[in-house]
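Residue-level structure breakdown
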Amino acid sequence: MHNLLIFIRKEILPIQRDPRSLSIMILMPLAEILLIGFVMRFEIEHTNIAVYDMAKQHSSVQLIQRLEGGKRFSAKTVDSMEEAERLLKSNKVKAILRISPDFESKILNDNEPTLQLILDAIDPNTATTIEAYMNAVLNDYFRDQGMSYSPQLLKIDQLMYYNPMLKSVYGTVPGLISVILMLICALMTSVSLTREKEMGTLNVLLISPLKPIQIIIGKVIPYLLVSLVNIAVILVLAFTVFKMPLAGSLLLLILVSLLYCLCALALGFLISTKSQSQQVAMMVSLAGLMLPTTLLSGMIYPIKNMPMWLQGITYLMPARWFINILKHIMLKASPVSAFLPDIGILLLMTLVITAISLHNFKVRFK
Amino acid sequence: MQPFIKADEITKTYGQTLALDRVSFEVNQNEIFGFIGPDGAGKSTLFQIMTTLLIPDSGSGSINELDIAKNYKEIRSIIGYMPGRFSLYQDLTVAENLKFYANIFGTTIKANYELIKNIYDLLEPFSKRKAGDLSGGMKQKLALCCALIHQPKALFLDEPTTGVDPVSRTEFWDNLTQIKHLGIPIVVSTPYMDEAIRCDRVALIHKGRILKMDTPQKIIAEFSATVLSLSNIDKHQAREAIKNLEGIESIFAFGDSLHITVSKDNSSIIDNLRSTLSSIIPDYKLSEITPDFEDCFLQLMKEEQNV
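Criteria and thresholds
Residues numbered from 1 in each chain as written. Chains lettered and ligands numbered in written order. Predicted model: local features only at pLDDT ≥ 70, side-chain atom pairs only at ≥ 80, totals over all residues. Helix = DSSP H or I, 4+ residues; strand = E, 2+ residues; numbered from the N terminus. Buried ≥ 20, exposed ≤ 12 C-beta atoms within 10 Å, placed from the backbone. Contact = placed C-beta atoms within 7 Å. Domains from an automatic or database assignment. Axes fitted to C-alpha atoms, helices over the stretch in contact; angles between N-to-C directions. Left-handed = near helix turned anticlockwise from the far one by under 90°. Nonpolar A, V, L, I, M, F, W, Y, C, P; charged D, E, K, R; others polar. Pairing = 2+ DSSP bridges. pLDDT = per-residue confidence, 0-100. Core = buried A, V, L, I, M, F, W, Y, C linked by C-beta atoms within 7 Å. Expected span 1.5 Å × (residues − 1). Arc of directions from axis to C-beta.

Before going further, it helps to examine the overall build of chain A. Per the secondary structure count, chain A includes 14 helices and four strands. Referenced to the eigenvectors of the C-alpha coordinate spread, the extents of chain A come out at roughly 85 × 40 × 40 Å. The 366 residues of chain A split such that 34% are buried. For chain A, long-range pairs separated by at least 24 residues make up 77% of all intrachain contacts whose partners lie at least 6 apart in sequence.

What follows is the structure, encoded as C-alpha cells:
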C-alpha cells in the first residue's frame, strides 16, 4: 500500500506540474462534447413534404393542419401522384404523404384508414427521422380523434415515449460521454505505460520490490481521478447546455461511469502490453477503440440497421452497454434490475480484459 | 569464499543471431569487473540476463547465492541496475527521481545519504532541475545515485559512460572506485578500451564470446607481440604496400597513424618493412610503442576471426 502511494505520487507530480497537459485532458473533452453535440443533430425543421390528399375532407385537412402546426414540416399539397413524385425527384420535398379517399369515413367508423408515406432514402438519417416525426404526429392525431389503435403503417419506437420531441441530443449525449471517456481513459493509460517501456524506466521499475500489480494500479488511479473530473464536466454540460434530463439517480450514474472508465483503462492497459512505442499505442487506441466506439455503439447508426455479423461485433463494445445504461438512468429512471445485465456485462468485460492484460504484462522477457 | 556473482555457460540467441555463446564469469566482493567490447558484442544482453530481466536460452547464474531464474524476485530487491540508456523520469526533478527510487525500495535519501554523498554533492545545486534537462555527465551521476540509494548488494552498470565527456568519465570512475571500497561489487560494461585499466578484472567480449578474462595489467603484459606506429604516411597507400609482407600479424588504423603488430622475434621483419616503405613513402616515421589495451583487444579479435 505504501509503495502504491509512492507510485501514484510519482504519476501525479508531472501531471499537476504541467498545467498544459492537465488542461488538455480536461478541456479537450469539453470542446469535443460542445462541438459534436451541436453539430451532430439529426433533428429536422421545416422539412418540405408533399401531401396528396385524395380525400379532401374535414379530417384530412385537419391532419394536414396538424402536420404544419409543428415547426417540423412544411406541407405542400399536390393534386396527383405524378406531381408529388416530380417534387421528390427534384429534391423539392423529402417525403410524400398520400391520404386515401376513404380517410374520413374510416375514421368516423373507427376503422383503420390507409396512409402511404414515401421517403427519399438518399439520406437515410433524415428519412428515418421524418418517419419518426410523422409517426409521432399521426399518433397524436389519432389519439385526439378518440381512436383506439395506432396506424399500422408505421411501427412505434418505444424510445419515443421518453423522448417525445425526438431530441437527437438524448441519443448523442450518452454516446458522446462514452466516446470521450473511452478516449481519455484508454489513450492516456496506454500511452503512459508504453512511455515507460519506451524510455526504459519500466525495466528499472521491474528491478525493484514493486509488484506488477502495484505498477498497474499506480498507473490507473491517477487517470481514474482525471476521468472523475471529466465525468463531472461532461455531466454538467449535458444537463445545462444540452438540457439532458436526469430521471434516475446521480450517484448511480457516476458509479456506472466509473465502472466504464475502469473498463476503458483496462483496455488501455491491454493495448500497452502489446505495443512497443507510444505512437503505436496512440494509433491503436484511436483507430482500434475510438472509431468502433463511435460507429458500432449505436451512438450514430442504429444497431438494428446493421448487418447481422456487425451486430454481433457490437456486443463486444463496452460503449454499447454503457450507452444503454446511461439512457436508462438519464431518461427513464428504470429500476436497477432493468439494466443489471448491462452492468454485469461491463463488469465481466473489465475483469476479463484486466486478466488478459496482467497475463500479457511480462516481468521477465524471452 | 564463494564468488558473489556467478554466471555459468550462459547462452542466448535472437532468431538466427547468437547473442551470447556460453559466457561464464565470476565476480568477487570488492571488485570492479568490466566487460569490454564493441557495440553489439552482447554486453547489454548479458546485463539483462544477470539482472533477471531476460531469460537465457541455457546456462545459469547467481548473485549472493540467489539463482537468477528461481529467486529473481529476491535478486530484484538487492541489486542496483543502471541500463545502457538514460532511464529515469525526465519530467521529474533530480530530487524527485532520487526520492522515488529510495522510497520504492522502502528507504529514504537520508538513511543512505553517506553512500551517495560524494556524487550527489555535485548534483545538489541542480536538485530542482528536471532530469531531462541535465547534461550527459550529470544524468549518469544521477542514475548512479538512483541505483545506489537503496544500498544494493551489487551494482550492474551497463555502459554508464557512453556519451559522456572525458572529464566526467574520469570523475565517474573515481566514484566507482569509492563505491567498491564500501564493499559493493560492481559489474560494468564499456566500449571504451581506455577505461579497462580502471577495472580490477576485465573480460574482453566480442560477438557474444569472452575472448580473454584477466586483470588489465596481465592482459597487456601477456601481449606477445611488438606494436609499431607508422605515421606521416597515406594510410591507404601504406597499408596496400605492406599488408602482404611476411611476419605482419595485423594492421589497424589509429587516428592518423597505423598500428602494425609483428611477432616478438622480429628484426628481419622490421628491416624488410623499412626497405619496402622507403621505396614508396620516403619520409615515413616508424617507431615501436608500448601496446595499450586497444592493441591487445584488436589483436585478440583478429586471432578469433582467424580461428
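We now examine the overall build of chain B. Tallying secondary structure elements over chain B gives 10 helices and 14 strands in all. Along the first, second and third principal axes, the C-alpha set of chain B runs to 70 × 45 × 35 Å. Looking at chain B alone, contacts between residues at least 24 apart form 71% of all its contacts between residues at least 6 apart.

Moving on, we get to unusual backbone geometry. With a phi close to 55°, Lys243 of chain A is a non-glycine residue in the positive phi region. Along the chain, Lys243 of chain A turns up in the loop between α9 (212–240) and α10 (250–274). Lys243 of chain A sits in the exposed class, given 11 other C-beta atoms within 10 Å. One non-glycine residue, Asn30 of chain B, lies in the positive phi region at around 60°. In this structure, Asn30 of chain B sits in the loop between β2 (17–27) and β3 (32–36).

For the rest of this paragraph, the subject is the domain arrangement of chain A. Considered domain by domain, chain A is made up of domain 1 (2–40 + 168–360) and domain 2 (47–161). Each of domain 1 of chain A and domain 2 of chain A was reduced to a C-alpha centroid, and the two centroids are 43 Å apart.

Bringing the packing of helix α13 (residues 318–332) of chain A against helix α14 (residues 336–360) of chain A into the picture now. All names here are of chain A. Here α13 crosses α14 at 150°, and the two axes come no closer than 9 Å. Crossing handedness for the pair α13 and α14: left-handed. Taken together, the residues of α14 that come into contact with α13 (itself represented by Pro318, Trp321, Phe322, Asn324, Ile325 and His328) are Ala338, Phe339, Asp342, Ile343, Ile345, Leu346 and Met349. Tallied by class, the residues present in the contact of α13 with α14 amount to 10 nonpolar, two polar and one charged.

Moving on: the domain arrangement of chain B. Along its sequence, chain B is carved into domain 1 (5–220) and domain 2 (224–290). On a C-alpha basis, the centres of domain 1 of chain B and domain 2 of chain B stand 39 Å from each other.

Let us now look at the sheet that holds strand β7 (residues 154–157) of chain B. All names here are of chain B. Pairing in this open sheet of six strands is mixed, and the strands run β6-β7-β8-β3-β9-β10 from one edge to the other. Looking at the sheet topology across the chains shown, the edges are occupied by β6 (79–82) and β10 (209–214). Within this sheet the neighbouring strands show an average axis-to-axis angle of 15°, counted without direction. Direction of pairing for β3 relative to strand β9 (residues 201–206): parallel, over a ladder of four bridges. Counted as the bridge partner of Phe35 is Ala203 from β9. Contacts between helix α1 (residues 43–50) and the sheet are confined to β3, β7, β8 (186–190) and β9, with β8 contributing the most and set at about 160° to the helix.

Taken together, the 18 residues of chain A in the interface contact 23 residues of chain B. Only α1 (2–17) and α8 (201–206) of chain A provide two or more residues apiece to the side of chain A that touches chain B. Per-element tally for the side of chain A that touches chain B: the top contributor is α1 of chain A, with five residues. Its residues assigned to classes, the side of chain A that touches chain B comprises 10 nonpolar, five polar and three charged.

Now for the confidence of the model for chain B. Residues and elements named next belong to chain B. Per-residue confidence for chain B gives a mean pLDDT of 89, with 99% of residues at or over 70. Within chain B, the lowest mean pLDDT, 82, falls on helix α10 (residues 293–306), and the highest, 96, falls on β7. Across the whole predicted complex the pTM is 0.77, and at the interface the ipTM reaches 0.82.

All names here are of chain B. Spatially, the four strands line up as an open sheet ordered β12-β13-β11-β14, and their pairing is antiparallel. Every other strand in the sheet has two partners, leaving β12 (248–254) and β14 (285–289) as the edge strands with one partner each. For this sheet, the mean angle separating the axes of adjacent strands, direction not counted, is 25°. Two elements, β12 and strand β13 (residues 257–263), share six bridges in a ladder whose sense is antiparallel. By the bridge assignment for β13, Ser250 is matched with Thr261. Where α10 meets the sheet, its contacts fall on β11 (225–231), β12 and β13, and the angle it forms with β12 comes to roughly 130°.

As for its position among the elements, Thr114 of chain A is in the loop between α5 (103–108) and β4 (115–119). A C-alpha to C-alpha distance of 20 Å links Thr114 of chain A and Ala127 of chain A, two positions 13 residues apart in sequence.

Positionally, Asp194 of chain B belongs in the loop between β8 and β9. The sequence separation of Asp194 of chain B and Glu294 of chain B amounts to 100 residues, and the corresponding C-alpha distance is 7.5 Å.

This part takes up the nonpolar core. In this structure, Leu181, Cys185 and Ala264 of chain A together with Cys145 of chain B are the most contacted members of the largest nonpolar core, which totals 137 residues. Here this core gets 15 residues from one element, more than from any other, and that element is helix α7 (residues 168–199) of chain A. Core analysis: the next-biggest nonpolar cluster, separate from the first, contains 20 residues, Ile49, Val51, Ile99 and Tyr133 of chain A among them.

Further remarks concern helix α6 (residues 166–181) of chain B. Residue and element names in this part refer to chain B. Between its first and last C-alpha, α6 extends 23 Å over 16 residues, near the 22 Å set by a 1.5 Å rise per residue. Buried within α6 we find Arg169, Phe172, Asn175, Leu176 and Ile179. The buried residues of α6 all sit within an arc of 120° when viewed along its axis, so they share a single face. Opposite the packed face of α6, turned more than 90 degrees from it, sit the exposed residues Pro166, Val167 and His181. On its buried face, α6 is in contact with β3, α4 (113–123), α5 (136–148), β7 and β8. Of the residues flanking the end of α6, it is Gly183, one or two places downstream, whose phi is positive at about 95°.

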